[in-house]
Structure formats: C-alpha cells, structure tokens
Amino acid sequence: MTRLGFDPDELAACVGCGLCLPHCPTYRVTGLESASPRGRITAMRVVEEGMPLDDAFSTVIDECILCRGCEAACPSGVQYGHLAEAARERVARRRPPMRRLVEWVAFVAVLPRHSVLLACTWLLLVAQRLHLVPARLGLPRLSPRSLRTPIVPDGDPTAYLFTGCVMDAWQRDVHRAAVHVMRSCGAQVGLPTAGGDCCGALHAHAGRVGEARRLARRVMASMPGDAPIVVDSAGCGAAMKDYGRLLGGPAAAAFSARVQDFAEWVAARGAPPLRDTGITVVVQDPCHLRHVQHAEGSVRTILHDAYRLVETDDDGMCCGAGGAYAVTERDLATRVRDCKVAAIRAAAGAMPFLVASANPGCAMHLDAAGLDVRHPAELLAAALDDPKGAM
Ligand code: SF4
Ligand code: SF4
C-alpha cells in the first residue's frame, strides 16, 4: 500500500484515455477536468508523489458522487471506487471540527443504533407536522402508522430481508411490500437480529472505513446460517456484496455470496402471478445496482408483465443522490438531478407515469424534484393478484 492507502496497481492502471469522461455526471454538468475521473486520479497521483493533501484536493474528492459510472466505462479496468474510497478516508480526517462533530453524531451516535434513529425519526415526524422541516431538504413524509407497526418475521427463515437503518425508519412500507412479495414467492422471511442495524455503506461512502468494517462484522453476525440475504436498497446491497474485500477472509466472502438484490432474488425464483396494470413506469437505475451489482436487468424482468416499462436515453446516468451527497454537495447534486429529471420526463413523453427506483436515496432525491417514485417491490406488490396483503 502507498502513502494514501491506495493499491499501487489500481493507481497505475489509468492510462488517461478519457473514455470515462462522458459517463461522469460531475464532468457532464461542469465540463471541468478536475471534476472528472481522470482529473481525480491525476490529483491522487500528485498527492501520492508528495504534494500536501490540501483543501483543493479535498474538494476534488468530495465532489465525486462515487457513482462508479466511470468504472463501468473504463476499458482498462481501473477500480475507481476503491481508489476514491481510500482518498475519501484521508480527506475525512482533515474535516473542520464542526463538520466532524455533526458526522460523529450521524455516523456513530445515530445510524448504528436503531432505537436512537427511530426516536429521532419520531421527533422529525412531529417537526414535519408542525411545518418546521423545510421542503428543500427533500425528506419523505413520515408515517406514524408505519413507524408504530413493526414487521413480524417468520420462524425458521428460508430467506432474510435486510432492513437496515434509514430505510427501516423512513420507508418501512417498502420493506413491508418486499416481505409480502417474498411470502407470495413461498419464502419464510427472517429479519436481522440485534446488531444488524446498519450495513456501513454510508460510512464507507463518507470515508469512515474503520466504522464500516465494525458494522459489517455486526451485520454478518445478525443473519447466521446459509439462507439468502435479500436487500431492497441498492446501496446497502452493493456494500454487503463487498464485505469479502472490505473484511477479507472466507467468512466474509461466504456472507457476501449470500447477498442478492430484491429483484435478483425474485427474478431467480420467478415472480408470482401478476395482473397487467397498464401503468407506464420509467425505470431509473441506481448506480450501485447498475454499475456495481450489475443487477438492473432483474428489475425489468420482474416488472415487465405488469407495467409498460420505458427507458431513459442517458445510459444510466447518476441522479446525484449518492449517500449523503445530496446534503453535502447540494448544488452539484441538484444540477445532476436536473439532467436526470429531464431524461425521465422525455422518456415518458405525454403519458402519466411512475418512476421505479431500487434505492432509497435516489427515490428521496427524485421525489423531492416532484416525481412519483416507487420501489420495484411496491410496484410488484401492487400488481399481485392479492395486493392488499402488501401493507
Ligand atoms: S479511468 Fe479508465 S477510462 Fe478513465 S481515463 Fe483512466 S483508463 Fe481511461
Ligand atoms: S464515481 Fe461517478 S462522479 Fe465520481 S468520478 Fe466516477 S463517474 Fe464521476
């Protein structure tokens, strides 16, 4: 390993061809080399060669959405995501004190402690009802009914559903729909036991790799056995499929091999009988489903019998959500989202439409722009012959 913790082979693999540039959302909206994958890798090399790790380098790295669209497009096989996570780990250590405090509260005190997160969510719900939460924050409208009603697992699970942190607090109805579909497919659905509160994806994204490793070990312990682990958040699924690399060792690799995105799991078993809804659905591919898990085809497979699926013509470009990116880099995130929203509206044309998104962050980010976004599990549950059991 090098001074910044890069794998030297990964750093050397970039030949500077620039073929990734049109696939990079931040380059597309700024036109700046410093906001491109090639520019970021050049900056990593310069710092590696001894230049001080300064504010300019932090900006170059922080402005990356970590969508990994460049990685999918790179003919040289550059593992950009690994490079960027290592760079962000170093950048995270030199944050100003106030930002470190805020991040500590979010990443250490709240996200890994589900009871604390749920208590904060109740406070947020009250604040929403008192109109104290600005709409520009793009938070979903929280439901007291959903928060009050836990999901009850089956005994002797044949598959687990990973429920996670923010999604279970803010979008539990998506989990309910996923459980309903899984049961319709004949599964006995288990849930993570104590400790399986947070997969660490947001931590790794923010450069807090040590904490991501600690959370990964807890998640592994929370779902023992060899039953498949179904994940209905593309970002969480991508992170859990990477535990083998993150932690090393055969146990982590075996755990990662059990992880499947919800759509992958349903597609492999065959969707239950569906009715044709006649509804137009524009499919949005979350980057961590498309570029990392390569599971975007399964979403189409499970939905096409029930919906009129429509594709955007932007080659799966990122929507700008990116973990906490929409909060930390609001301006760029909004500019990237504007492009995505335009592509979605152009794809739908004059038809009324829904948007399918398999990632909670993307769903919230696009929903805040006025789109009606549903998770594939919700769409599938609504098209079942017995849709009322979904909620
Ligand atoms: S990351 Fe890959 S595609 Fe982009 S400039 Fe480097 S070698 Fe070329
Ligand atoms: S991860 Fe996404 S935003 Fe970052 S350099 Fe690659 S394409 Fe651009």
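Going by the structure above, here's the rest.
Criteria and thresholds
- Residues numbered from 1 in each chain as written.
- Chains lettered and ligands numbered in written order.
- Predicted model: local features only at pLDDT ≥ 70, side-chain atom pairs only at ≥ 80, totals over all residues.
- Pairing = 2+ DSSP bridges.
- Helix = DSSP H or I, 4+ residues; strand = E, 2+ residues; numbered from the N terminus.
- Contact = placed C-beta atoms within 7 Å.
- Axes fitted to C-alpha atoms, helices over the stretch in contact; angles between N-to-C directions.
- Near = placed C-beta within 6 Å.
- Nonpolar A, V, L, I, M, F, W, Y, C, P; charged D, E, K, R; others polar.
- Core = buried A, V, L, I, M, F, W, Y, C linked by C-beta atoms within 7 Å.
- Buried ≥ 20, exposed ≤ 12 C-beta atoms within 10 Å, placed from the backbone.
- Expected span 1.5 Å × (residues − 1).

**What to know about the sheet that holds strand β5 (residues 279–284)**
Read across the open sheet, the 4 strands follow the order β6-β5-β7-β8; overall the sheet is parallel. Looking along the sheet, the strands with just one partner apiece sit at the ends: β6 (307–310) and β8 (373–374). Two strands pair when backbone bridges link them, and β5 and β6 are joined in this way by 4 bridges, in the parallel orientation. Bridge assignment links Val-281 to a residue of β6, and that residue is Leu-309. With respect to the sheet, helix α22 (residues 360–367) is in contact with β5, β7 (353–357) and β8, its orientation differing from that of β7 by roughly 150 degrees.

**Some points on the site of ligand 2**
Taken together, the neighbourhood of ligand 2 is formed by 14 residues, with Cys-24, Pro-37, Cys-64, Cys-67 and Cys-70 sitting nearest. Elements that contribute at least two residues to the shell around ligand 2 include exactly α2 (25–30), α3 (37–48) and α5 (69–73). Here the shell around ligand 2 is composed, by residue class, of 9 nonpolar, 3 polar and 2 charged.

**Some details on the site of ligand 1**
Near ligand 1, the surroundings consist of 13 residues, among which Cys-14, Cys-17, Cys-20, Cys-74 and Ser-76 are the closest. When the residues that make up the shell around ligand 1 are grouped by side-chain class, the tally is 9 nonpolar, 3 polar and 1 charged.

**Points about unusual backbone geometry**
Although it is not a glycine, Leu-66 adopts a positive phi angle of roughly 60 degrees. Tracing the backbone through its elements, the reader meets Leu-66 in the loop between α4 (55–62) and α5. One non-glycine residue, Asp-156, lies in positive phi territory at about 50 degrees. Mapping Asp-156 onto the fold places it in the loop between α9 (144–148) and β1 (159–162).

**Notes on the nonpolar core**
If you look at the biggest cluster of nonpolar residues, it comprises 117 residues, and the most contacted ones within it are Leu-161, Ala-178, Met-182, Val-230, Met-240, Leu-303 and Leu-380. Counting residues per element, this core draws most heavily on helix α6 (residues 80–92), which supplies 7 residues. For Met-240, the residues in contact, after removing those within four places along its chain, are Cys-199, Val-219, Ile-229, Val-231, Ser-256 and Val-259.

**Description of helix α8 (residues 114–129)**
Residues lying three or four places apart along an α-helix face the same way, a consequence of the helix completing one turn every 3.6 residues. Over its 16 residues, α8 extends 22 Å from the first C-alpha to the last, a length consistent with the 22 Å expected when each residue adds 1.5 Å. Within two residues after α8, His-131 carries a phi angle of roughly 60 degrees, on the positive side.

**Observations concerning the environment of Leu-246**
Position of Leu-246 relative to the elements: it lies in helix α15 (residues 243–247). With 18 C-beta atoms counted inside 10 Å, the residue Leu-246 sits in the partly exposed group. Considering only alpha carbons, one finds Leu-246 and Arg-345, 99 residues apart in sequence, at a separation of 38 Å. Sequence-distant contacts of Leu-246, that is, excluding residues within four places in its chain, are made with Ala-212, Arg-213 and Ala-216.

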